[in-house]
Protein chains: 2
Amino acid sequence: MRIAVVGLGLIGGSIALAAAERAGAEVAGWDADPQALRAARECGAVRDGAGSLSEALIGADAAFVAVPVGALPQTVRQVLDHAPEGCVVTDVGSTKRAIVAAVSDQRFVGGHPLAGAETAGIGHARADLFDGATWYLTPAPDTSGVLFERLHRLLKDIGARPTAIEPDVHDTILALVSHLPHVLANVLASQAAGVLGDGERLPATGPSFRDATRVAGAPSSIWTDIYLSNRDSLIAQIDAATMRLNEVRDALQRGDAGWIEAWNNAAASDRRRLLEGEAAGGELHELRASVPNRPGVIAQIALELGRAGVNIADLALYPAPDMSEGVVAVWIAGAHSDRARQIITELGFPVARA
Amino acid sequence: MRIAVVGLGLIGGSIALAAAERAGAEVAGWDADPQALRAARECGAVRDGAGSLSEALIGADAAFVAVPVGALPQTVRQVLDHAPEGCVVTDVGSTKRAIVAAVSDQRFVGGHPLAGAETAGIGHARADLFDGATWYLTPAPDTSGVLFERLHRLLKDIGARPTAIEPDVHDTILALVSHLPHVLANVLASQAAGVLGDGERLPATGPSFRDATRVAGAPSSIWTDIYLSNRDSLIAQIDAATMRLNEVRDALQRGDAGWIEAWNNAAASDRRRLLEGEAAGGELHELRASVPNRPGVIAQIALELGRAGVNIADLALYPAPDMSEGVVAVWIAGAHSDRARQIITELGFPVARA
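Values in this document were obtained by computation on a predicted structure and should not be read as measured data.

J.: Describe the overall build of chain A, naming the residues involved and giving the relevant values.
T.: A count of helices and strands for chain A gives 13 helices and 11 strands. A total of 354 residues make up chain A; the buried ones form 59% of that total. Here the analysis covers contacts within chain A between residues at least 6 apart in sequence; of these, 69% occur between residues at least 24 apart. Counting only carbon and sulfur atoms, one obtains 50% of the accessible surface of chain A, whose full area is about 12900 Å².

J.: How would you sum up the side chain of A:Ser14? Please name residues and give values.
T.: Along the chain, A:Ser14 turns up in helix H1 (residues 10-23). With residues near it in sequence (within four places) discarded, A:Ser14 still touches A:Gly9, A:Ala125, A:Arg126, A:Ala127, A:Leu129 and A:Phe130.

J.: I'd love a proper account of the nonpolar core, names of residues and values included.
T.: Of all hydrophobic cores here, the largest spans 67 residues; its most connected members are A:Val183, A:Leu252, B:Val183 and B:Leu252. What A:Val183 contacts, discounting residues up to four positions off in sequence, is A:Tyr227, A:Leu234, A:Ile238, B:Leu245, B:Val248 and B:Trp263.

J.: Outline the pattern of salt bridges, listing residues and values.
T.: Applying the stated criterion across every chain, the model contains 26 salt bridges over all chains. Where B:Glu149 meets B:Arg153, a salt bridge forms, and the shortest distance between an N and an O atom there is 2.9 Å. Taken as a pair, B:Glu149 and B:Arg153 lie in helix H6 (residues 145-157) at a separation of 4 residues, close to a single helical turn. The class for B:Glu149 is partly exposed, based on a relative accessible area of 40%. According to the relative accessible area criterion, B:Arg153 is partly exposed, its value standing at 40%. Through salt bridges that share partners, A:Asp211, A:Arg214, B:Asp211 and B:Arg214 make up one connected network.

J.: Let's hear about helix H7 (residues 167-196) of chain B: which residues, and what values?
T.: Residue and element names in this part refer to chain B. Taking 1.5 Å per residue, 30 residues should reach 44 Å; H7 reaches 41 Å between its end C-alpha atoms and fits that length. Most pronounced at Ala-175, the bend in H7 amounts to some 50°. Where burial is concerned, most of H7 is hidden: 25 out of the 30 residues are buried.

J.: Break down the packing of helix H10 (residues 231-253) of chain A against helix H10 (residues 231-253) of chain B for me, with residues and values.
T.: Think of two packed helices as two axes; the pair is described by the angle between the axes and how far apart they sit. In contact at an axis separation of 10 Å, H10(A) and H10(B) are set at 165° when each is read in the N-to-C sense. Considering the angle they form, H10(A) stands roughly antiparallel to H10(B). In terms of crossing hand, the pair formed by H10(A) and H10(B) is left-handed. Counting all contacts with H10(A), which are made through A:Arg231, A:Leu234, A:Ile235, A:Ile238, A:Asp239, A:Thr242, A:Leu245, A:Asn246, A:Val248, A:Arg249, A:Leu252 and A:Gln253, the residues of H10(B) involved are B:Arg231, B:Leu234, B:Ile235, B:Ile238, B:Asp239, B:Thr242, B:Leu245, B:Asn246, B:Val248, B:Arg249, B:Leu252 and B:Gln253. For the contact of H10(A) with H10(B), a count of residues per class yields 12 nonpolar, 6 polar and 6 charged.

J.: Give me helix H2 (residues 34-42) of chain A: which residues, what numbers.
T.: All names here are of chain A. Listed in full, the buried residues belonging to H2 are Ala-36, Leu-37 and Ala-40. Along H2, the residues classed as buried sweep out an arc of 100° about the axis, all on the same side. In H2, those exposed residues whose orientation departs by more than 90 degrees from the buried face are Pro-34, Gln-35 and Glu-42. On the buried face of H2, the contacting elements are strand S2 (26-30). Where H2 begins, the side chain of Asp-33 points an oxygen toward the backbone nitrogen of Gln-35, at a separation of 2.9 Å. Phi for Gly-44, located one or two positions after H2, is positive at around 80°.

J.: Lay out the packing of aromatic side chains in plain terms, naming residues and giving numbers.
T.: For any pair of aromatic rings, geometry is given as the distance between the ring centres together with the angle between the planes. The final tally for this structure, using the stated rule, is 10 aromatic pairs over all chains. Through pairs of rings, three or more aromatic residues link up here, namely A:Trp223, A:Tyr227, B:Trp259 and B:Trp263.

J.: Provide a residue-level description of the sheet that holds strand S7 (residues 161-164) of chain A, including the pertinent values.
T.: Residues and elements named next belong to chain A. Spatial strand order, S2-S1-S3-S4-S5-S6-S7: 7 strands in an open sheet with mixed pairing. Two strands bound the open sheet, and with one partner strand each, they are S2 and S7. The average angle at which neighbouring strand axes cross in this sheet is 25°, direction not considered. Pairing of strand S5 (residues 108-113) with strand S6 (residues 134-138), which is carried by 4 bridges, proceeds in the antiparallel orientation. By the bridge assignment for S6, Gly-110 is matched with Thr-138. Packing of helix H4 (residues 72-82) onto the sheet brings it into contact with strand S1 (2-6), strand S3 (62-65), strand S4 (88-91) and S5, and relative to S3 it is tilted by some 160°.

J.: Explain the sheet that holds strand S1 (residues 2-6) of chain B residue by residue, including any values.
T.: All names here are of chain B. With mixed pairing, 7 strands are arranged side by side in an open sheet as S2-S1-S3-S4-S5-S6-S7. The open sheet has two edge strands with one neighbour each: strand S2 (26-30) and strand S7 (161-164). Each strand of the sheet is rotated relative to its neighbour by a mean of 25°, with strand direction disregarded. Seen against the sheet, helix H1 (residues 10-23) touches S1, S2, strand S3 (62-65), strand S5 (108-113) and strand S6 (134-138) and runs at an angle of roughly 170° to S1.

Conventions we followed
- Residues numbered from 1 in each chain as written.
- Chains lettered and ligands numbered in written order.
- Predicted model: local features only at pLDDT ≥ 70, side-chain atom pairs only at ≥ 80, totals over all residues.
- Heavy atoms only, no water.
- Helix = DSSP H or I, 4+ residues; strand = E, 2+ residues; numbered from the N terminus.
- Buried < 20%, exposed > 50% of the residue type's maximum accessible area, 1.4 Å probe, protein only.
- Contact = heavy atoms within 4.5 Å.
- Areas by Shrake-Rupley, 256 points an atom, 1.4 Å probe, with all protein chains shown as cover.
- Core = buried A, V, L, I, M, F, W, Y, C linked by side-chain atoms within 4.5 Å.
- Salt bridge = Lys/Arg side-chain N within 4 Å of Asp/Glu carboxyl O.
- Expected span 1.5 Å × (residues − 1).
- Bend = angle between axes of the 7 residues up to and from the residue.
- Axes fitted to C-alpha atoms, helices over the stretch in contact; angles between N-to-C directions.
- Parallel < 35°, antiparallel > 145°, perpendicular 65-115°, else oblique.
- Left-handed = near helix turned anticlockwise from the far one by under 90°.
- Nonpolar A, V, L, I, M, F, W, Y, C, P; charged D, E, K, R; others polar.
- Arc of directions from axis to C-beta.
- Polar contact = N/O pair within 3.5 Å; in protein donor to acceptor, adjacent residues only side chain to side chain.
- Phe/Tyr/Trp six-rings, centres within 6.5 Å; stacked < 30°, edge-to-face > 60°.
- Pairing = 2+ DSSP bridges.

Structural data, given as structure tokens:
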């Protein structure tokens with residue numbers, strides 16, 4: 001099988017590596033940036049020789065377009081112009097309606113792997129980047145069944161879990177669970193900076209602000225395109241959030257303790273319900289342990305859990321203002337949570353279950 | 001010195017333990033809940049003998065009122081009624097204007113230690129809970145200087161950093177960096193539950209949703225009072241957030257890429273500036289390492305950093321959807337960050353600096 005990858009960043013580079021290693025594919029790559037192309041050749045992600053986009057596509061059975069969302073329509077069209085008749089063409093953009101609407105070709109299937117957002121560049125590319133990752137695919141009514149099946153199999157071969165989804169459902173869900181949280185984080189960070197003024201330090205107020213703004217200011221080179229290409233879904237979610245904020249505001253205004261309490265209780269059960277099913281290994285249980293915040297404590301807990309074969313699905317440390325102490329929250333899947341609780345307690349750290 | 005503590009939860013119990021251990025005080029305690037009172041006696045937080053609120057206050061030099069915010073005005077008045085002439089009386093509520101406005105007595109100083117929000121109950125009380133913690137105090141113009149000085153010294157003795165602040169400034173800052181983030185987390189959790197429907201799992205979309213909703217549905221027994229007692233400050237912050245959301249909405253509506261990019265870049269620098277000064281040990285540097293998500297990896301990193309004397313101020317694990325791999329972000333203070341980067345890299349995990 002011959003694979004072409006156009007756009008050799010983290011995702012494109014990882015596709016190239018995985019296709020070669022996992023699917024035994026011969027991989028040609030192309031990037032408009034000569035430096036990225038050279039780096040991809042040097043690290044072995046692509047074979048030597050492709051001197052142009054069209055050359056990379058010669059004889060390709062599948063082509064991946066891994067460029068920023070804003071450059072997708074033009075690049076996908078170029079690739080379709082040069083790709084062979086029987087070549088499936090897909091992209092990896094974080095929003096799907098715009099590109100699906102812009103392209104009409106039975107060889108094209110929109111795609112979006114949920115992986116790799118935390119680092120960027122071919123330097124972080126890895127063959128195992130997609131292991132177990134959901135890889136959304138948006139086949140259109142006129143998509144070739146043969147080509148869709150080939151892409152589906154190829155994605156499984158490189159370790160991903162291909163999952164078909166409608167482009168509008170995809171964009172609504174991503175607007176809600178990814179794009180809106182990014183917007184709220186940005187708003188909160190800038191609002192705090194505005195109120196606290198130049199040169200002032202954030203007062204020591206615990207971790208809620210830090211958590212809430214963790215994703216503020218994600219790279220504009222990627223995110224400006226994402227926000228804009230999904231703008232109507234995102235606007236709908238912003239409007240819904242604004243309406244909910246106004247409801248809270250009104251309840252506060254009239255001092256309605258019953259409403260506030262019911263609203264707060266509902267949020268608690270809503271979040272629990274949404275996150276419970278997330279882990280492949282069953283419900284996640286959150287355990288909170290009070291610990292002195294000295295070097296080695298987290299190590300000790302993680303090491304003991306590791307020895308017992310208990311995996312930490314997620315972990316957060318909430319330090320006291322002076323960093324001398326804190327609470328460690330660990331999320332443990334299903335049946336292991338009781339064992340984890342016992343282990344941490346036996347280490348001498350009191351555990352509360354959230 | 002004799003200390004009275006009224007309300008024996010996590011904060012009250014920790015004050016009792018710290019005052020006895022650190023300040024050599026004789027501590028009497030009282031709680032309207034007989035079970036809490038018995039637990040406090042059993043764990044040695046308070047001496048035997050106080051059979052009533054008034055009895056606990058006999059001969060007291062300082063009295064702490066550590067009950068929920070909604071019960072504060074009534075309880076503080078009761079304590080002032082029974083406290084000796086020369087006894088300083090303070091509270092530990094998360095909002096300050098309401099209680100300061102409700103009480104006019106030269107013996108009273110409002111207070112708020114920034115500690116202990118993550119666990120609840122006397123079972124988690126510790127003498128070192130306040131070590132290094134900012135402890136806001138709101139002295140009024142008629143507050144006795146002698147009594148304020150006594151309280152200030154006592155708080156230093158038990159390990160805290162007393163810091164005087166105006167009640168309205170306190171409540172504005174807390175509305176911004178604590179109460180508003182809690183409201184946004186609630187809104188996001190319930191909005192997602194509403195869209196995704198009953199019984200649906202949250203799709204695997206990375207950690208931004210989990211971080212953004214970490215504090216959703218904090219205990220209503222505490223938070224309903226907090227929201228309501230600070231409602232005008234909170235309403236002002238909600239209104240400001242709504243206005244900012246509408247600006248983003250309008251920029252999206254008109255497809256203004258320049259505005260979106262400038263806004264996103266500003267959020268990035270705003271957050272960096274706010275959080276940089278937070279750690280006692282200097283600026284925090286965020287390092288992101290790509291790691292396989294198997295038991296022991298976090299342990300290995302934390303252990304190696306611990307061995308080198310490098311403390312982890314904050315830590316977050318962003319697992320891939322199948323939990324097989326991920327990115328570990330660690331926040332390291334000042335001069336240690338280069339060393340930490342080297343150590344993690346030498347362990348074989350590529351590090352990107354955020």
